[in-house]
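# Architecture at a glance
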Amino acid sequence: MSARKTLDSLLDRHGSTFAAEAGIRLRDTPQPLYQLLVLSHLLSARIRAQVAVAATRALFSHGLRTPRRMADATWQERVDALGEGGYRRYDERTATQLGDGALLLLDAFGGDLRRLRREADGDTESIRAGLRRFPGIGPAGADIFLREVQTVWPETAPYLDAKALQGAERLGLPTTPDALSRLAKDLDPAVLAAALVRGALDKG
């Protein structure tokens, strides 16, 4: 099978972003960017992606869609929402981190991650370092955010981290971001990254 046919097959099976799966309509505006930060936090834990997505949806269904609502919620409300989504192993620590992270976003950036982007002046590594200021966002969480946000922050594209490149290698696809981008042509880079990550994670 040619590399392009392999990629097309992958996209047929996994052609959506994690943000879309979590119900986030990603735009370069404060609320969806914050929601992506929450999703990236939950996905970065040692827990199945399906559970992290379900827990993100549960938080949003409880109205915790903005940093102000997250900060104003009680710790128990956050714990309960995470538990409803099946996110029980890390729920207590994560509930604390989500509250602290929301307060940091409000205090340091006025609740708007676009300010972090502007401060980074288009430098992806500076954005990555800024993301890691948030409690619970380590290297993996920053990578997840950048993989997904490149649709609306095009200066970060192509952002294909080690997990995405692992998926490419597993499938016999090119293993450099530039070669993968050429193969994918006009495909949304966030969709490409998410599909490759699912390719790395999919036991089938």
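The preceding data block contains the structure.
Notes on the structure follow. Keep in mind that this is a model prediction, so the values were computed, not measured. (Residues numbered from 1 in each chain as written. Predicted model: local features only at pLDDT ≥ 70, side-chain atom pairs only at ≥ 80, totals over all residues. Heavy atoms only, no water.)

### Quick word on the overall build of the protein chain
- Counting its regular elements, the protein chain contains 13 helices and zero strands.
- Each helix (α) and strand (β) of the protein chain, taken in turn from the N terminus, gives the series α-α-α-α-α-α-α-α-α-α-α-α-α.
- For a compact globule of 204 residues, the expected C-alpha radius of gyration is about 17 Å, and the protein chain comes in at 17 Å, within 12% of that figure.
- A principal-axis box enclosing the C-alpha atoms of the protein chain has dimensions of 55 × 40 × 25 Å.
- Across the 204 residues of the protein chain, 51% fall into the buried class.
- Residue pairs at least 24 apart in sequence account for 63% of intrachain contacts in the protein chain once pairs closer than 6 positions are excluded.
- Carbon and sulfur atoms make up 47% of the accessible area of the protein chain, which totals about 9600 Å². (Helix = DSSP H or I, 4+ residues; strand = E, 2+ residues; numbered from the N terminus. Rg over C-alpha atoms; globule rule 2.2 N^0.38 Å. Buried < 20%, exposed > 50% of the residue type's maximum accessible area, 1.4 Å probe, protein only. Contact = heavy atoms within 4.5 Å. Areas by Shrake-Rupley, 256 points an atom, 1.4 Å probe, with all protein chains shown as cover.)

### Observations concerning the nonpolar core
- Counting 67 residues, the largest nonpolar core has L39, L59, Y87, L113, L131 and L196 as its most contacted members.
- It is helix α3 (residues 30–43) that contributes the most residues to this core, eight residues altogether.
- In contact with L196, other than residues within four places in its own chain, are L10, L160, K163, A164, G167, A168, L173 and L180. (Core = buried A, V, L, I, M, F, W, Y, C linked by side-chain atoms within 4.5 Å.)

### Topic: the environment of L165
- Its location among the elements puts L165 in helix α11 (residues 162–170).
- With 61 residues separating them along the chain, L165 and L104 place their C-alpha atoms 32 Å apart.
- Apart from residues no more than four positions distant in its own chain, L165 is found in contact with L160, T175, T176, P177 and L180.

### Comments concerning the packing of helix α4 (residues 49–61) against helix α6 (residues 75–84)
- The N-to-C vectors of α4 and α6 enclose an angle of 135°; their axes lie 7 Å apart at closest approach. Compared by their axis directions, α4 and α6 come out oblique. Like other packed secondary-structure pairs, α4 and α6 cross with a definite hand, here right-handed. Touching A55, A58, L59 and S61 of α4 are R78, A81, L82 and E84, all from α6.
- Across the contact of α4 with α6, the residue classes break down as five nonpolar, one polar and two charged. (Axes fitted to C-alpha atoms, helices over the stretch in contact; angles between N-to-C directions. Parallel < 35°, antiparallel > 145°, perpendicular 65-115°, else oblique. Left-handed = near helix turned anticlockwise from the far one by under 90°. Nonpolar A, V, L, I, M, F, W, Y, C, P; charged D, E, K, R; others polar.)

### Side note on helix α9 (residues 124–131)
- Among the residues of α9, those classed as buried are T124, I127, R128, G130 and L131. One side of α9 holds all its buried residues, which, seen down the axis, span an arc of 160°. (Arc of directions from axis to C-beta.)

### Re the pattern of salt bridges
- Tallied over the entire structure, the rule returns eight salt bridges.
- For the salt bridge of D8 with R4, the shortest nitrogen-to-oxygen distance reads 2.9 Å. Pair noted here: D8 and R4 are both in helix α1 (residues 3–14), with a separation of four residues, about one helical turn.
- We classify D8 as partly exposed; its relative accessible area is 30%.
- In this structure, R68 engages D72 in a salt bridge whose closest nitrogen and oxygen atoms are separated by 3.3 Å. Remark: D72 and R68 occur in helix α5 (residues 67–72); sequence separation between them is four residues, near one turn of the helix. (Salt bridge = Lys/Arg side-chain N within 4 Å of Asp/Glu carboxyl O.)

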